[in-house]
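# Structural description and commentary
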Amino acid sequence: MKKLLFPLFILLCAGCARQEAALPEFVPGQVWLDTDGNPINAHGGGMLYHDGLYYWYGEYKVGETTLDPSLGWEAYRTEVIGVSCYSSADLYNWKFEGLALTAVEDDPNHDLHPTQVVERPKVIYNERTGKFVMWMHVDSPDYFKACAGVAISDNPTGPFEYLYSLRPNGEMSRDQTLFVDDDGRAYHFYSAEDNATMYISLLTDDYLLPSGTYTRNFPDQYREAPAVFKYDGRYYMLSSGCSGWDPNVAELAVADSILGPWETLPGNPCVGPDADKTFYAQSTFVLKVEGLDNAYIAMFDRWNKLDLENSLYVWLPVDIQGGKLSIPWADRWNLSYFR
């Protein structure tokens, strides 16, 4: 009997080990493969949850990273290929859905020509119109254009139709994000006035234009990479300082009204090794996890300025203790953190 049971015991242990090893997890700062086995390519991205699936949109960076030394700053860039889209039911496993928005190669004057700049795409869904609306930072190679671009689609995976670019409320627009409030109103957050001031602009009901209602926030504080979320009736904004491609300390601000006034919370919201460098990453989005209470994921990009295609992703939990929010480092973690 012992001779029969021992091999069975070994098989059971091996099965348990395989099951344990297969548990999904996030591994911040490591190469993340999609379901086809290719590295996920969705930089400066944002997230949309729609009909039971998460959609991750980002800059699709392929090819050589180049530098224009005449600009006087580290203007590293890759040619515009388009905006990628990935889908997932569980946040761990991502299917590449293709390019939701593609470059326009035959018109050198188009905002989406490969020689131009497309950054930080964000997509929201308009319940009234049934349209998926994408806003992004579009720019010239010298970054003097400083506009927002707008595109729409009938489907979350695209194709998106590019409509136009504009300077919202007559002001520059670079790093940006979108936020839809509980009442269905949508807001555009963008670094303006040569990145010195953060603007918050209420969009029109179709989410396609500024409504004319906006506020100026954090004047002369030079904040970029805004990521906005709502917790317990208050609004929070995670952002970065302006230091080009190099990391700096993050800030977290809070407001009772989305248009402000906003108050910067004291201290560094990041906790752990290299927190003073935001774990060598930069904020891009804060995702509310569906179906879990008080579950938020802070999404960052770990930029590789010399090889932008191979920049990595740092996803970390937002820890909420007694109403105080922080972002602790974790080498490995999964959604059981929030349970």
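Scroll up a little and you will see the structure.
The present account deals with the structure reproduced in this document. (Residues numbered from 1 in each chain as written. Predicted model: local features only at pLDDT ≥ 70, side-chain atom pairs only at ≥ 80, totals over all residues. Heavy atoms only, no water.)

### Quick notes on the packing of aromatic side chains
The condition is simple: Paired rings are identified among Phe, Tyr and Trp, the last through its six-membered ring, by centres lying within 6.5 Å, and are further divided according to the angle between planes into stacked (under 30 degrees), edge-to-face (over 60) and tilted (the rest). Only protein chains enter the accessibility calculation, which uses a 1.4 Å probe. A residue is then buried if its area is under 20% of the maximum for its type, exposed if over 50%, and partly exposed in between.
For the structure shown, the criterion picks out 30 aromatic pairs. With 6.2 Å between their ring centres and 75° between their planes, tryptophan 333 and tyrosine 337 make a pair best called edge-to-face. Given a relative accessible area of 5%, tryptophan 333 falls into the buried group. We classify tyrosine 337 as partly exposed; its relative accessible area is 36%.

### Points about unusual backbone geometry
Basically, it comes down to this: Each helix is a run of DSSP H or I of at least 4 residues and each strand a run of E of at least 2, with the numbering of both proceeding from the N terminus.
The omega torsion across glycine 158 and proline 159 is 5°, close enough to zero to call that bond cis. Among the structural elements, proline 159 can be located in the loop between β9 (147-153) and β10 (161-166). Residue proline 261 is bonded to the preceding glycine 260 through a cis peptide linkage, with omega at 10°. If you check the backbone angles, leucine 91 has positive phi at about 75° while not being a glycine. Following the sequence through the fold, leucine 91 ends up in the loop between β5 (82-88) and β6 (95-102). When its relative accessible area of 0% is taken as the criterion, leucine 91 is described as buried. For phenylalanine 218, which is not glycine, the phi dihedral falls at a positive 55°. If you trace the backbone, phenylalanine 218 turns up in the loop between β14 (210-217) and β15 (223-231). Overall, phenylalanine 218 belongs to the buried group, its relative accessible area being 9%.

### Thoughts on the environment of leucine 209
Here is the rule we go by: The contact definition used throughout considers only heavy atoms, calling two residues in contact when any of these lie within 4.5 Å.
Counting through the fold element by element, leucine 209 comes out in the loop between β13 (197-203) and β14. For the pair formed by leucine 209 and valine 150, sequence separation is 59 residues and the distance between their alpha carbons is 8.5 Å. Those residues in contact with leucine 209 that sit more than four places away from it in its chain are Trp135, Tyr164, Leu166, Leu202, Leu203 and Thr204.

### So, the sheet that holds strand β11 (residues 176-180)
Put simply, the test is: Being paired, for any two strands, means DSSP has found at least two bridges between them. Note on definitions: angles span 0 to 180 degrees between N-to-C directions of axes, and those axes are lines fitted to C-alpha atoms, for helices only across the stretch in contact.
The antiparallel open sheet is built from four strands, whose spatial order is β11-β12-β13-β14. Both edges of this open sheet fall to β11 and β14, since each of them pairs with a single strand only. Strand-to-strand twist in this sheet, taken as the mean axis angle between neighbours without regard to direction, amounts to 25°.

### Regarding the pattern of salt bridges
Rules: Between Lys or Arg on one side and Asp or Glu on the other, a salt bridge is scored when a side-chain nitrogen of the former is within 4 Å of a carboxyl oxygen of the latter.
Tallying each qualifying case throughout the model produces 15 salt bridges. Between arginine 216 and glutamate 193 there is a salt bridge whose closest N-O contact spans 2.7 Å. Placement of the pair is arginine 216 in strand β14 and glutamate 193 in the loop between β12 (186-192) and β13, with a sequence separation of 23 residues. Of the residues examined, arginine 216 reaches a relative accessible area of 46% and is grouped as partly exposed.

### So, the nonpolar core
Short version of the rule: Here the nonpolar core consists of buried residues drawn from Ala, Val, Leu, Ile, Met, Phe, Trp, Tyr and Cys, with membership extended through side-chain atoms lying within 4.5 Å.
Grouped together as the largest cluster of nonpolar side chains are 46 residues, with contacts concentrated most on Trp56, Trp94, Ile297, Trp315 and Leu335. Of all the elements in the fold, those that place two or more residues in this core are β2 (53-59), β15, β16 (234-241), β17 (251-255), β20 (282-288), β21 (296-302), β22 (312-317) and β24 (324-328). Here this core gets five residues from one element, more than from any other, and that element is β21. Ignoring any residue separated from it by four or fewer positions in sequence, one finds isoleucine 297 in contact with Phe26, Leu91, Phe285, Val286, Leu287, Val289, Trp315, Leu316, Val318, Trp333, Leu335 and Phe338. Formed by 20 residues, the second largest nonpolar core is a distinct cluster that contains Ala100, Leu112, Met136 and Tyr162.

### Some details on empty space enclosed by the protein
For the record, the criterion: In this analysis, the protein atoms alone were mapped onto a 1 Å grid. Cavities are point sets where a 1.4 Å probe fits without being able to get out; pockets are open sets with protein on both sides within 12 Å along at least five of seven lines; lining residues have an atom within 4 Å of a point. Grid points are joined across faces, edges and corners, and a volume is the space filled by probe spheres set on the points. Nonpolar residues are Ala, Val, Leu, Ile, Met, Phe, Trp, Tyr, Cys and Pro. Charged residues are Asp, Glu, Lys and Arg, and all others, Gly as well, are polar.
One pass over the full model with this rule turns up four cavities of 30 Å³ or more. Together, 17 residues line the largest cavity, and Lys61, Thr78, Glu79, Val80 and Val118 are the ones closest to its centre. When residues of the lining of the largest cavity are traced back to their parent elements, those giving at least two are β4 (76-77) and β7 (117-126). If you tally residues by element for the lining of the largest cavity, the top one is β7, at three residues. Taken together, the residues that form the lining of the largest cavity break down as nine nonpolar, three polar and five charged.

### Thoughts on the pairing of β13
For β13, a buried count of seven out of seven residues is recorded, marking the element as mostly surrounded by other parts of the structure. Here β13 shows two buried faces, one formed by Thr197, Tyr199, Ser201 and Leu203 and the other by Met198, Ile200 and Leu202. Across six bridges, the pairing between β12 and β13 is antiparallel. Bridging from a neighbouring strand, alanine 192 pairs with threonine 197 of β13. From the end of β12 to the start of β13, which pair antiparallel, there are four residues, and glutamate 193 there has a positive phi angle of about 50°. The hairpin formed by β13 and β14 contains six residues between the paired strands, and tyrosine 207 there has a positive phi angle of roughly 65°.

### Looking at the pairing of β15
Across the nine residues that make up β15, a large majority, nine, are buried. Note that β15 and β16 share seven bridges and pair antiparallel. From the neighbouring strand, valine 228 faces β16, where its bridge partner is methionine 237. Connecting β15 to the next strand, β16, in antiparallel fashion are two residues, including aspartate 232 with a positive phi near 55°.

Don't take any of this as a statement about function, it's just geometry.
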